[in-house]
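The lines below spell out each chain.
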Amino acid sequence: MKSELEKDILKALFTEEELRDRVHELGEAIYDRFRGKKPLFLGILKGSFIFMADLVRACQLDCDIEFMSVSSYGAGTESSGRINITHDIEQDVTGRDIVIVEDILDSGRTLAFLVNYLKAKGAASVIIVTLLDKPARRVKSVEADYAGFMVPDEFVVGYGLDYGQKYRNLPYIGVLKPEVYEGV
C-alpha cells in the first residue's frame, strides 16, 4: 500500500490485523457486561473515532452513540494539564451507563475529568475503554476498565491517533520518529 506518511514512522507496534482481533475481543467483553442494557458509548474526538466505529460494530449491543471533544494537548506532544470541553455531550446522561471510548490513556487527566464530569451529570455508571494504555505517563489515579494494548513511553500515531492532525488514517499503530516532533 502506498503512503506519504510511512517515511515518518520509526516502527509499527500493532498491525491492522492485531488491532482488528483485539477490538473484536473488547467488543465481546463489553457485550457480555452490558447484555440486556442500553449503554451510551461516548467517543472522545478526534482520536477515538476509528476505534469507536470498530468497537460498537464488534459488540452488537442496543446502544446510543455520542461524542465529546476535549482538549489538553493543542499541537504539542505534552498535555497542558488544562482540560477544555470544545464539544459537549448532547444527550441527558441521568441514570445511563456510560462507556467512554478513548484512543489512549496517557496522563489520565482528561479521563479523570470526564469520569467526574459525567457522574456529576447523573450517570448511573461510567467505564473507560481505551485502545492504548501508557501507564509510564500517568499522573492521575485512573485505570481503564478495558484496554486494548499497553504501549511504551513513545509517541504513537495511527488508527485515529495523530500528531498535528496527521497520521490518523494509518491502518496500524506506529511510533513516530522523534525528529518529526523534536523542538516543538
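Relevant structure appears above.
Overview of the structure. All values reported here derive from a predicted model rather than from experimental measurement.

**What about the overall build of the chain?**
Helix and strand counts for the chain stand at four helices and nine strands. Sequence-ordered secondary structure for the chain, helices as α and strands as β, is β-α-β-α-β-β-β-α-β-β-β-β-α. The globule rule puts the C-alpha radius of gyration for 184 residues at 16 Å, and the 16 Å found for the chain is close to it. Each principal axis of the C-alpha distribution contributes one length, and for the chain these read about 45 × 35 × 25 Å. When the 184 residues of the chain are sorted by exposure, 48% land in the buried category. Sequence-distant contacts in the chain: of pairs separated by 6 or more residues, those separated by 24 or more amount to 67%. With an accessible surface of roughly 9,200 Å², the chain has 48% of that area assigned to carbon and sulfur atoms. Taken as two groups, the 23 positive and 30 negative side-chain charges of the chain have centres that lie 3 Å from each other.

**A short note on the sheet that holds strand β2 (residues 40–45)**
Sheet architecture is open: six strands sit in the order β4-β3-β2-β5-β6-β7, paired in mixed fashion. Bordering the open sheet on either side are β4 (84–87) and β7 (146–150), each of which pairs with just one other strand. Averaged over neighbouring strand pairs, the angle between their axes works out to 30° when direction is ignored. Judged from the three bridges that link them, strand β3 (residues 64–71) and β4 form a sheet pairing that is antiparallel. In the sheet register, Ser 69 faces β4, and the bridge partner there is His 87. Helix α1 (residues 16–34) rests against β2, β5 (97–105), β6 (125–133) and β7 of the sheet, and its axis sits at about 160° to β7.

**Thoughts on helix α3 (residues 109–120)**
With 12 residues, α3 extends 17 Å from end C-alpha to end C-alpha; this agrees with the ideal 16 Å at 1.5 Å per step. All buried positions along α3 are accounted for by Thr 110, Leu 111, Ala 112, Leu 114, Val 115, Tyr 117 and Leu 118. For α3, the elements touching its buried residues are β2, β3, β4, β5 and β6. Once α3 finishes, Gly 122 follows within two positions and takes phi at roughly 100°, a positive value.

**Side note on the state of the cysteines**
Under the definition given, this model contains zero disulfides. The structure places no disulfide on Cys 59, whose sulfur is separated from the nearest cysteine sulfur, that of Cys 63, by 5.7 Å.

**Some details on helix α2 (residues 49–59)**
Taken together, the buried positions of α2 are occupied by Phe 51, Met 52, Leu 55, Val 56 and Cys 59. The arc that holds every buried residue of α2, seen down its axis, measures 120°, which confines them to one face. Looking at the buried residues of α2, the elements they touch are α1, β2, β3, β5 and β6. Trailing α2 by a residue or two, Gln 60 shows a phi angle of about 50°, which is positive.

**Digging into the pairing of β2**
Across the six residues of β2, five count as buried, placing the element largely inside the fold. Here β2 pairs with β3 via six bridges, running parallel. Paired with Leu 45 across the bridge in β3 is Ser 69. Taken together, β2, α2 and β3 constitute a β-α-β crossover, and its handedness is right-handed. Where β2 lies against β5, four bridges are found, and the strand directions are parallel. Bridging across to β5, Phe 41 finds its partner in Val 99.

The rules behind the values
- Residues numbered from 1 in each chain as written.
- Predicted model: local features only at pLDDT ≥ 70, side-chain atom pairs only at ≥ 80, totals over all residues.
- Heavy atoms only, no water.
- Helix = DSSP H or I, 4+ residues; strand = E, 2+ residues; numbered from the N terminus.
- Rg over C-alpha atoms; globule rule 2.2 N^0.38 Å.
- Buried < 20%, exposed > 50% of the residue type's maximum accessible area, 1.4 Å probe, protein only.
- Contact = heavy atoms within 4.5 Å.
- Areas by Shrake-Rupley, 256 points an atom, 1.4 Å probe, with all protein chains shown as cover.
- Lys, Arg positive; Asp, Glu negative; His and termini not counted.
- Charge placed at Lys NZ, Arg CZ, Asp CG, Glu CD.
- Pairing = 2+ DSSP bridges.
- Axes fitted to C-alpha atoms, helices over the stretch in contact; angles between N-to-C directions.
- Expected span 1.5 Å × (residues − 1).
- Disulfide = S-S within 2.5 Å.
- Arc of directions from axis to C-beta.
- Right-handed = clockwise from strand over helix to strand, strands pointing away.

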